[in-house]
Amino acid sequence: MHATFLLFGRVGKDTADHFREEYIRALDNDLTDATVVINSGGGEVNAGIGIFNILSGSGLNITTVIYGETGSIAATIFLAGQKRISMPDSTFTLHAASYTSGARLGQIADSTSLISSPFRRILGWNDAQLARFFSSSTEAMLLPDEALSLGMITEVAQYRIGLNKPVIDLVTTNPTTK
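Bear in mind the structure is a predicted one, so any value in this text is a computation, not a measurement. (Residues numbered from 1 in each chain as written. Predicted model: local features only at pLDDT ≥ 70, side-chain atom pairs only at ≥ 80, totals over all residues. Heavy atoms only, no water.)

**Section: the overall build of the protein**
Part 1 of the reasoning: Secondary structure assignment for the protein yields six helices and eight strands.
Part 2 of the reasoning: Starting at the N terminus and walking to the C terminus, you meet the elements of the protein as β-α-β-α-β-α-β-β-α-α-β-α-β-β.
Part 3 of the reasoning: Looking at the protein as a whole, 46% of its 178 residues qualify as buried.
Part 4 of the reasoning: A fraction of 71% describes how many contacts in the protein between residues 6 or more apart in sequence connect residues 24 or more apart.
Part 5 of the reasoning: Entry remark: accessible area of the protein is about 8,600 Å², with carbon and sulfur atoms responsible for 50%. (Helix = DSSP H or I, 4+ residues; strand = E, 2+ residues; numbered from the N terminus. Buried < 20%, exposed > 50% of the residue type's maximum accessible area, 1.4 Å probe, protein only. Contact = heavy atoms within 4.5 Å. Areas by Shrake-Rupley, 256 points an atom, 1.4 Å probe, with all protein chains shown as cover.)

See below:
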């Protein structure tokens, strides 16, 4: 069985929990491959790493598709796909994680290493490339052509969510498989 998961909006604990439940349900129904369609500016690092690990650790053939924006931790989730497609009018934003409260407010967070590690491991980025995108909390925006040249995506193409295949919307509070 193939399933398409829609990951639109903020990545948070609820989204990660919902994703885990739906992914396990699909695995129980003989999931053989999956497509994850993303339009997200990011969110919580730990929630996103959980989604990334489920996808990359499942051993299935995963395709990820950018349907607009992928930023921050959503860009890391995107790397879980063996095939990574960008719609032509999409953007990528990368930056270091930063503390949002407390004594270290605004400083680069230790969790930046979690966000950037897959870029080194999967894409083979060197220290200079990682520093370019993950040494500041200022966002660097990339268009598909530059993302392609950096290895982030495998192709720029129009992608249509298939009919007659299960589509799981991860944003709804009461998800249904269509």
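**Notes on the packing of aromatic side chains**
Part 1 of the reasoning: As enumerated under the stated definition, the model contains eight aromatic pairs in all.
Part 2 of the reasoning: A ring pair is formed by F8 and Y67, whose centres lie 6.4 Å apart and whose planes are at 50 degrees; its orientation type is tilted. Of the two residues, F8 is situated in strand 1 (residues 2-8) and Y67 in strand 3 (residues 61-71); the sequence distance between them amounts to 59 residues.
Part 3 of the reasoning: Residue class for Y67 comes out partly exposed when judged on its relative accessible area of 26%.
Part 4 of the reasoning: Between W125 and F133, the aromatic rings sit 5.3 Å apart at their centres with planes inclined by 35 degrees, giving tilted as the arrangement. F133 matches W125 in its accessibility class, with the two residues each being buried. (Phe/Tyr/Trp six-rings, centres within 6.5 Å; stacked < 30°, edge-to-face > 60°.)

**Structural notes on the confidence of the model for the protein**
Part 1 of the reasoning: When pLDDT is averaged along the protein, the result is 90, and 90% of the positions lie at 70 or above.
Part 2 of the reasoning: Every residue in residues 172-178 is under pLDDT 50, and counting partners more than four places away or in other chains gives eleven contacts. (pLDDT = per-residue confidence, 0-100.)

**Thoughts on the packing of helix 4 (residues 112-121) against helix 5 (residues 127-134)**
Part 1 of the reasoning: Where helix 4 meets helix 5, the closest approach of the two axes is 11 Å, and the angle between their N-to-C directions is 135 degrees. Relative to helix 5, helix 4 is oriented oblique. For the pair helix 4 and helix 5, the sense of crossing is right-handed. Counted together, T112, I115, S116, F119 and R120 of helix 4 and D127, L130 and F134 of helix 5 form the full contact between these two elements.
Part 2 of the reasoning: The residue inventory of the contact of helix 4 with helix 5, partitioned by class, reads four nonpolar, two polar and two charged. (Axes fitted to C-alpha atoms, helices over the stretch in contact; angles between N-to-C directions. Parallel < 35°, antiparallel > 145°, perpendicular 65-115°, else oblique. Left-handed = near helix turned anticlockwise from the far one by under 90°. Nonpolar A, V, L, I, M, F, W, Y, C, P; charged D, E, K, R; others polar.)

**Here's the deal with the nonpolar core**
Soluble, globular proteins show a tendency: their nonpolar side chains are buried together.
Part 1 of the reasoning: Counting 44 residues, the largest nonpolar core has Y23, L55, L94, F119, W125 and M152 as the members making the most contacts within it.
Part 2 of the reasoning: The element that contributes the greatest number of residues to this core is helix 2 (residues 45-57), accounting for six residues.
Part 3 of the reasoning: Once residues within four sequence positions are removed from consideration, W125 is found in contact with L94, F119, R120, L130, F133, F134, L150 and M152.
Part 4 of the reasoning: With seven residues, the next largest nonpolar core counts V37, V65, I85 and M87 among its residues. (Core = buried A, V, L, I, M, F, W, Y, C linked by side-chain atoms within 4.5 Å.)

**Let's talk about helix 5**
Part 1 of the reasoning: L130, F133 and F134 are the residues of helix 5 that are buried. Angularly, the buried residues of helix 5 cover 80 degrees about the axis, an arc narrow enough to put them on a single face. Set apart from the buried face of helix 5 by more than 90 degrees, the exposed residues are A128 and R132.
Part 2 of the reasoning: Among the structural elements, strand 5 (91-94), helix 4 and strand 6 (140-142) are those in contact with the buried residues of helix 5.
Part 3 of the reasoning: N-capping of helix 5 is provided by N126, with a side-chain oxygen placed 3.1 Å from the backbone N of A128. (Arc of directions from axis to C-beta. Polar contact = N/O pair within 3.5 Å; in protein donor to acceptor, adjacent residues only side chain to side chain.)

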